[in-house]
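Chain by chain, the residues run as shown.
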Amino acid sequence: MRKMSVRVEQWPLHEPFVISRMAPMLHGEVVVVEIEQDGCVGRGECERMDIFEPDYPFDVLADVQSAVAAVEGGISRDVLRELLPSGAPRNAIDCALFELEAKLQQQPAWQMAGFDAAPRSVTTVFTLSLDSAENMGRAAAVQKHRPILKLKLGRSGDLERVRAVRAAAPDTRLVIDANTGWSFAQLCDYLPELAKLGVEMVEQPLAFEEEHLLETITPVLPITADESCIDRTSLAALKGRYQAVNIKLDKTGGMTEALALLKEAQAMGFEVMVGCMIGTSLAMAPALLLAQQARWVDIDGPLLLSEDRSPSLHYRDSVVEPSEGVWG
């Protein structure tokens, strides 16, 4: 017999988290799923995204709770994909089922996922929230010891923001995320200047209505699809527009689809980024498996929190190390 429990948790942030399309986040809010069977427990976590994004298409908590009877009735991860669409609610359940299955089979999750070796440490970006150029420069000065910073952009004055960060952190690698906040004309103007400033990648610069225009340019920097890359069904439309895709478990709906997306994206020639939402180590640990094959890794969620759950992944500045007992 299976038993599934669902709970909501709030996790305080060090400081408000700001991106171009949302109100400032003052805390992280997640839904945690635990599934117990035969003395084994599988766990999963997703962000309660509808609390922060008014246009998010799912009621995360309600959708997770809607699957309790089916999960307790013994459905598989494949059947779960038919029950819930790709998105945050399915992620928490899928990751819990994935870990539970691994434990029942007495094998580590990385092995069940088809990887050749246990996960090793990776270097994650550290994200700077969208703010004035002056304030982002100050934040960059504090974080200039980190190997790579990710800048949240998407409003007027973005080049000034990047210049301020570069002046404050001259030796740090930079990637930027405009969160659909630029026009195509702005992108074309910005790309050469960003390249001169040492930016190495631009994430989701355009809204969906304009992204077809990416087919008309050969960008000087790789452009990564984030909001436009949900699961494998997204890939055909992205070919010829983007050079890389950002795989996030809260978009794919869990490890099952994320692993399939990773394999298909690589086969189609996309570079891979692995990203995250605001969350604890329980949400980052499954992503750490995917991150082993990523060019860019963005699993800094716990670094933005005032505290993490225990046990947790080991974060040494921007180096993320696996830890026993977190997940998998």
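Every value quoted in this text rests on a predicted model; they were computed, and no experiment measured them.

Novice: Sorry, what's going on with the pattern of salt bridges here?
Specialist: Two side chains bearing opposite charge may form a pair once their charged atoms approach each other closely. Evaluation of the coordinates by the stated rule reveals 28 salt bridges. Because the salt bridges share partners, they merge into one network encompassing R7, E9, E34, E45 and R309.

Novice: Can you help me understand the domain arrangement of the protein in this one?
Specialist: Interfaces are often described in size by the accessible area the parts lose on coming together. When its domains are assigned, the protein resolves into domain 1 (3-106) and domain 2 (122-321). Taken together, the contact pairs 36 residues of domain 1 with 38 residues of domain 2. When domain 1 packs against domain 2, close to 2900 Å² is buried across both sides, 55% of that on carbon and sulfur atoms. Ionic pairing is found between E45 and R309, a salt bridge with its closest N-O pair at 2.9 Å. If you list the elements that add at least two residues to the side of domain 1 that touches domain 2, you get β1 (2-17), β2 (25-37), β3 (40-47), α3 (77-83) and α4 (88-104). Looking at which element gives the most residues to the side of domain 1 that touches domain 2, the answer is β1, with 8 residues. Residues belonging to the side of domain 1 that touches domain 2 are distributed by class as follows: 17 nonpolar, 7 polar and 12 charged.

Novice: Help me understand the sheet that holds strand β4 (residues 122-123) in this model?
Specialist: Think of a sheet as strands paired side by side through backbone hydrogen bonds, with each pair either parallel or antiparallel. Taken in spatial order, the 3 strands line up as β4-β14-β13 in an open sheet, and their pairing is antiparallel. Two strands close off the open sheet at either side, each with one partner strand: β4 and β13 (314-316). In this sheet, strand β14 (residues 319-321) lies alongside β13 in antiparallel orientation, the contact comprising 3 bridges. Paired with R316 across the strands is V319, a residue of β14.

Novice: What's the story with the UniProt feature "binding site: Mg(2+)" (unreviewed entry) in the protein in this structure? I'm lost.
Specialist: Sites flagged by UniProt as "binding site: Mg(2+)" (unreviewed entry) map to D177, E203 and D226. A compact arrangement is adopted by the annotated residues: their sequence extent is 50 residues, whereas the largest C-alpha distance between any two is 9.1 Å. Residue contacts for E203: discarding those within four places in its chain leaves K150, I176, D177, A178, N179, T224, D226, N246 and M273. In this structure, D226 sits in the loop between β9 (223-225) and α9 (235-238).

Novice: In this structure, what is going on with the nonpolar core? I would like to understand it.
Specialist: Inside soluble globular proteins, nonpolar side chains tend to come together where they are buried. Formed by 80 residues in total, the largest nonpolar core has its most connected members in L194 and I299. If you tally residues by element for this core, the top one is helix α12 (residues 281-291), at 9 residues. Here this core spans two domains, and each of domain 1 (3-106) and domain 2 (122-321) adds at least three residues to it.

Novice: Please explain the sheet that holds strand β6 (residues 148-152) as it appears in this structure.
Specialist: Here we have 8 strands laid out as an open sheet, ordered β5-β6-β7-β8-β9-β10-β11-β12, and parallel in their pairing. Strand pairing shows two members of the sheet lacking a second neighbour, β5 (126-128) and β12 (296-297), which therefore form its edges. One ladder, built from 3 bridges, connects strand β7 (residues 173-177) with strand β8 (residues 199-203); its direction is parallel. Along β8, the bridge assignment pairs I176 with V202.

Novice: Just to check I follow, could you spell out unusual backbone geometry for this structure?
Specialist: Leaving glycine aside, a negative phi is the common case for residues, and trans is the common case for peptide bonds. Looking along the chain, the bond that leaves S310 and enters P311 is cis, with omega of 0 degrees. Residue position: P311 is located in the loop between β12 and β13. Phi angles above zero are rare outside glycine, and N179 is one such case at about 50 degrees. Positionally, N179 belongs in the loop between β7 and α8 (184-196). On the basis of relative accessibility, which here comes to 2%, the residue N179 falls in the buried class. Although it is not a glycine, T180 adopts a positive phi angle of roughly 65 degrees. Structurally, T180 can be placed in the loop between β7 and α8.

Reading the values: rules and limits
- Residues numbered from 1 in each chain as written.
- Predicted model: local features only at pLDDT ≥ 70, side-chain atom pairs only at ≥ 80, totals over all residues.
- Heavy atoms only, no water.
- Salt bridge = Lys/Arg side-chain N within 4 Å of Asp/Glu carboxyl O.
- Domains from an automatic or database assignment.
- Contact = heavy atoms within 4.5 Å.
- Buried area = accessible area lost by both parts, 1.4 Å probe.
- Helix = DSSP H or I, 4+ residues; strand = E, 2+ residues; numbered from the N terminus.
- Nonpolar A, V, L, I, M, F, W, Y, C, P; charged D, E, K, R; others polar.
- Pairing = 2+ DSSP bridges.
- UniProt positions renumbered as here; feature names shortened; annotations may be inferred.
- Core = buried A, V, L, I, M, F, W, Y, C linked by side-chain atoms within 4.5 Å.
- Buried < 20%, exposed > 50% of the residue type's maximum accessible area, 1.4 Å probe, protein only.

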